[in-house]
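# Architecture at a glance
The chain contents come next:
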Amino acid sequence: MTANGWFQIIFFLLVIFLLAKPLGVFMMRVFNREKTFLDPILRPVERVVYRLIGVDEKHEMRWTEYAIAMLLFSGVSMALLYLIERTQKWLPFNPQKFGNLEPGLAFGTAASFTTNTNWQAYSGESMMSYLTQMAGLAYHNFVSAAVGIVLAIVVIRGIARKETDKLGNFWVDATRCLLWVLLPICLVGSLALVSQGVIQNLKPYITVELIEPQTVQVTGADGKTTTQTVTQQVIAQGPVASQEVIKEFGTNGGGFFGANSAHPFENPTPLANFFEMVLIFAIPSGLTYTLGRMTGSQRHGWAVWAAMAFLFLAAVTTVYWAEARGNPLLAGADQRVSALQSGGNMEGKEVRFGIANSALFATVTTDASCGAVNGQHDSFTPLGGMVPLINIMLGEVVFGGVGAGLYGIIVFVILAVFIAGLMVGRTPEYLGKKIESYDVKMAMLAVLILTLTILGFTAVAIAQPFGTSSISNPGPHGLSQVLYAYVSSTGNNGSAFGGLGVNTMWYNTSTAAAQLLGRFFMIIPVLAIAGSLAKKKTVPESAGTFPVTGGLFSALLVSTILIVGALTFFPALSLGPILEHLLMHAGKVF
């Protein structure tokens with residue numbers, strides 16, 4: 001651990017803090033239909049969109065109508081992506097002549113990108129045509145992010161409004177999110193990434209001669225190993241920058257290349273790396289300010305931000321410490337910090353970024369439901385790899401995904417004020433709304449859906465040959481690989497330990513099911529909470545009201561998040577990364 005590494009981490013959090021207010025105010029104005037500087041350009045476009053799709057922008061929906069519209073839109077979008085994947089062989093913009101995806105992989109990928117998970121059981125540069133990448137995957141990066149953001153706005157409206165069953169219009173909210181929030185920033189951001197060296201073209205792949213031929217060993221179909229000399233390399237091309245920026249800004253995570261943000265064409269420089277991390281946290285951080293402004297309690301918005309920031313710092317500190325210590329079993333390797341190396345456990349990490357930026361990126365991408373990676377989590381130390389796992393297990397509410405992080409933490413806010421009410425013997429209140437049994441039941445349903453899906457699928461996978469046959473490492477690390485797959489899928493994160501072979505019928509279908517359950521079976525209870533809160537009257541604050549604006553509330557919120565996560569997943573963590581850590585220090589490796 002170095003002073004330079006800590007400076008980069010603290011500076012990153014400072015930038016996120018400074019962006020929260022301007023971006024939060026902008027989003028509030030967009031969704032409250034207030035005037036913005038983009039209105040002269042975008043309002044005419046918006047009106048044309050409504051005419052084309054037949055939407056009355058003045059019509060507002062109940063939570064059930066809003067949910068149905070969202071589900072129909074997501075279902076049709078998923079079917080469209082599946083169709084593109086299954087027919088890409090005959091479609092244009094396929095210079096490498098890639099074939100159609102097989103049904104299991106196509107279904108899993110369609111479910112993954114529809115749910116903002118972007119779980120990838122494939123390498124994009126070797127299987128996906130440019131059309132599939134642009135019209136299929138990048139399209140879903142935009143619309144799945146928009147769905148998450150507008151659902152967070154609906155929850156905020158439910159808290160802010162009173163004695164009404166109207167929460168806005170899904171089609172209007174989604175259109176405004178795409179036109180005002182996502183598209184303009186992504187246009188500027190993609191140009192910024194191009195300036196750093198991220199490629200953006202429609203050229204066929206390029207074959208180049210190697211300056212130094214390489215000797216490799218190749219295993220044939222008969223199992224025999226032969227030695228070959230490689231003199232050429234194929235350099236993949238494509239429209240990368242336009243997909244990369246929404247991949248991060250929309251907390252999607254699906255990379256154009258299989259190496260994701262460790263690939264130099266996606267993430268070429270330390271500045272690009274920093275910019276991409278800022279993009280991941282920008283909207284989730286800004287939405288906490290939007291929450292405060294729209295509900296009339298800015299101190300509450302900052303209290304939520306503070307709870308998120310504390311959990312983020314605790315996580316990144318743990319990963320940085322674990323990776324900087326190195327692996328005690330590599331006694332012959334120089335793991336000291338020097339002018340020529342970062343020191344610590346550099347396995348699976350890019351030398352361009354080193355320990356600090358790898359630890360920071362891993363924390364950011366799993367605090368949010370992004371899943372982009374600039375290193376391989378499978379190669380982290382046991383405790384270093386456990387932190388990304390815990391981040392997702394906690395519901396990715398530490399800033400979290402675009403929208404999903406905010407409405408996820410609102411679930412924990414409701415549980416926290418319910419606990420506070422029980423402690424003082426009063427009906428719990430949240431910003432003037434009484435929290436009743438229906439609200440708590442819906443909050444617990446959202447939490448239990450995630451738990452049941454993660455642990456249920458993991459139990460089946462580690463008990464059956466079709467699950468264990470894909471594990472690359474025996475013992476507790478193998479359990480961690482399987483557990484991470486279902487935690488990541490259910491949490492709509494998309495990152496992976498990397499050592500698990502997931503392009504099988506079982507993993508393609510089971511992870512797709514986990515992604516759909518984790519996305520939509522959590523959204524429905526959250527929308528029900530928004531509808532319930534919107535109908536309530538506001539009650540004046542009294543001496544017995546638990547304040548949701550100070551340090552005490554932030555501490556209670558953090559405690560609630562940690563207790564729920566610890567009680568639920570500690571046994572699984574004990575059998576996986578914790579056991580592996582103890583065995584590593586006893587001299588055993590997996």
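Each remark here, short or long, concerns the structure printed above.
Residues numbered from 1 in each chain as written. Predicted model: local features only at pLDDT ≥ 70, side-chain atom pairs only at ≥ 80, totals over all residues. Heavy atoms only, no water.

### A closer look at the side chain of Arg157
Position of Arg157 relative to the elements: it lies in helix H6 (residues 130–160). Of the residues examined, Arg157 reaches a relative accessible area of 5% and is grouped as buried. In contact with Arg157, not counting residues within four places along its chain, are Phe31, Leu167, Gly168, Asp173 and Met294. (Helix = DSSP H or I, 4+ residues; strand = E, 2+ residues; numbered from the N terminus. Buried < 20%, exposed > 50% of the residue type's maximum accessible area, 1.4 Å probe, protein only. Contact = heavy atoms within 4.5 Å.)

### With respect to a nonpolar patch on the surface
Together, Phe7, Phe11, Leu14, Phe17 and Leu18 give the surface a local cluster of nonpolar side chains, amounting to about 500 Å² of exposed area. With a relative accessible area of 55%, Phe7 lands in the exposed category. (Patch = residues over 30% accessible without salt bridge, like charges linked within 9 Å, V, L, I, M, F, W, Y side chains within 5 Å. Areas by Shrake-Rupley, 256 points an atom, 1.4 Å probe, with all protein chains shown as cover. Salt bridge = Lys/Arg side-chain N within 4 Å of Asp/Glu carboxyl O.)

### What about the nonpolar core?
Core analysis: the largest hydrophobic core is formed by 131 residues, its most contacted members being Leu182, Ile283 and Phe312. With 14 residues, H6 is the single largest residue contributor to this core. Discounting chain neighbours no more than four positions away, the residues touching Phe312 are Phe12, Leu13, Phe281, Leu360, Thr363, Val364, Asp367, Val398 and Phe399. The next biggest cluster of nonpolar side chains, apart from the first, holds 24 residues, and it includes Leu81, Leu105, Ala111 and Ala121. (Core = buried A, V, L, I, M, F, W, Y, C linked by side-chain atoms within 4.5 Å.)

### What to know about helix H13 (residues 404–424)
An α-helical segment advances 3.6 residues per turn. Residues three or four places apart therefore align on the same side. Its 21 residues give H13 an end-to-end C-alpha distance of 31 Å, which sits within 8% of 30 Å, the value for a rise of 1.5 Å per residue. Counted residue by residue, H13 has 16 buried out of 21 residues, so it is predominantly covered. Once H13 finishes, Gly425 follows within two positions and takes phi at roughly 75°, a positive value. (Expected span 1.5 Å × (residues − 1).)

### Observations regarding empty space enclosed by the protein
Considering all chains together, one arrives at seven cavities of 30 Å³ or more under this definition. Of the pockets and cavities examined, the largest cavity occupies roughly 180 Å³. Looking at the largest cavity, it is lined by 20 residues, and the ones nearest its centre are Gly395, Glu396, Gly491, Asn492 and Met522. Taken together, the elements giving at least two residues each to the lining of the largest cavity come down to helix H12 (382–393), H13, helix H14 (437–463) and helix H17 (505–535). A class-by-class count of the residues in the lining of the largest cavity yields eight nonpolar, 10 polar and two charged. Taken as a whole, the second largest cavity holds about 140 Å³ of empty space. Contributing to the lining of the second largest cavity are 16 residues, with Met393, Leu394, Phe412, Val447 and Leu450 lying nearest its centre. Looking at the lining of the second largest cavity, the elements with two or more residues in it are H13, H14 and helix H18 (551–585). Looking at side-chain class alone, the lining of the second largest cavity contains 11 nonpolar, five polar and no charged residues. (1 Å grid on protein atoms, 1.4 Å probe; cavity = no way out; pocket = protein on both sides within 12 Å on 5 of 7 lines; lining within 4 Å. Points joined across faces, edges and corners; volume = space filled by probe spheres on them. Nonpolar A, V, L, I, M, F, W, Y, C, P; charged D, E, K, R; others polar.)

### Brief notes about the side chain of Thr36
Inspection of the secondary structure assignment puts Thr36 in the loop between helix H1 (3–31) and helix H2 (39–53). Side-chain polar atoms of Thr36 contact the side chain of Trp180, separated by 3.0 Å. Among residues more than four places away in sequence, those in contact with Thr36 are Phe26, Arg29, Val30 and Trp180. (Polar contact = N/O pair within 3.5 Å; in protein donor to acceptor, adjacent residues only side chain to side chain.)

### Topic: the pattern of salt bridges
Side chains bearing opposite charge may pair, as long as their charged atoms lie close to each other. Counting across every chain of the model gives 15 salt bridges. When the shortest N-O distance is used, the salt bridge between Glu57 and Arg43 registers 3.3 Å. With Glu57 in the loop between H2 and helix H3 (63–87) and Arg43 in helix H2, this residue pair connects regions lying 14 residues apart in the sequence. Judged by its relative accessible area of 23%, Glu57 falls in the partly exposed class. Judged by its relative accessible area of 19%, Arg43 is buried. Glu436 is the salt-bridge partner of Lys536, the closest N and O atoms lying 2.6 Å from each other. One end of the pair, Lys536, is in the loop between H17 and H18; the other, Glu436, is in the loop between strand S4 (433–434) and H14, and 100 residues separate them in sequence. A relative accessible area of 45% places Glu436 in the partly exposed class. Salt bridges sharing common partners tie together Arg33, Arg43, Glu46, Glu57 and Arg176.

### Examining the packing of H14 against H18
Where H14 contacts H18, the axes come no closer than 11 Å and their chain directions differ by 25°. Taken together, H14 and H18 sit at an angle that is classed as roughly parallel. Where H14 crosses over H18, the two elements pack in a sense that is right-handed. For the pair formed by H14 and H18, the contact residues are Val447, Thr451, Ile454 and Leu455 on the first element and Val564, Thr568 and Phe569 on the second. A breakdown of the residues in the contact of H14 with H18 according to their chemical character gives five nonpolar, two polar and no charged. (Axes fitted to C-alpha atoms, helices over the stretch in contact; angles between N-to-C directions. Parallel < 35°, antiparallel > 145°, perpendicular 65-115°, else oblique. Left-handed = near helix turned anticlockwise from the far one by under 90°.)

That is the geometry; function is a separate question.
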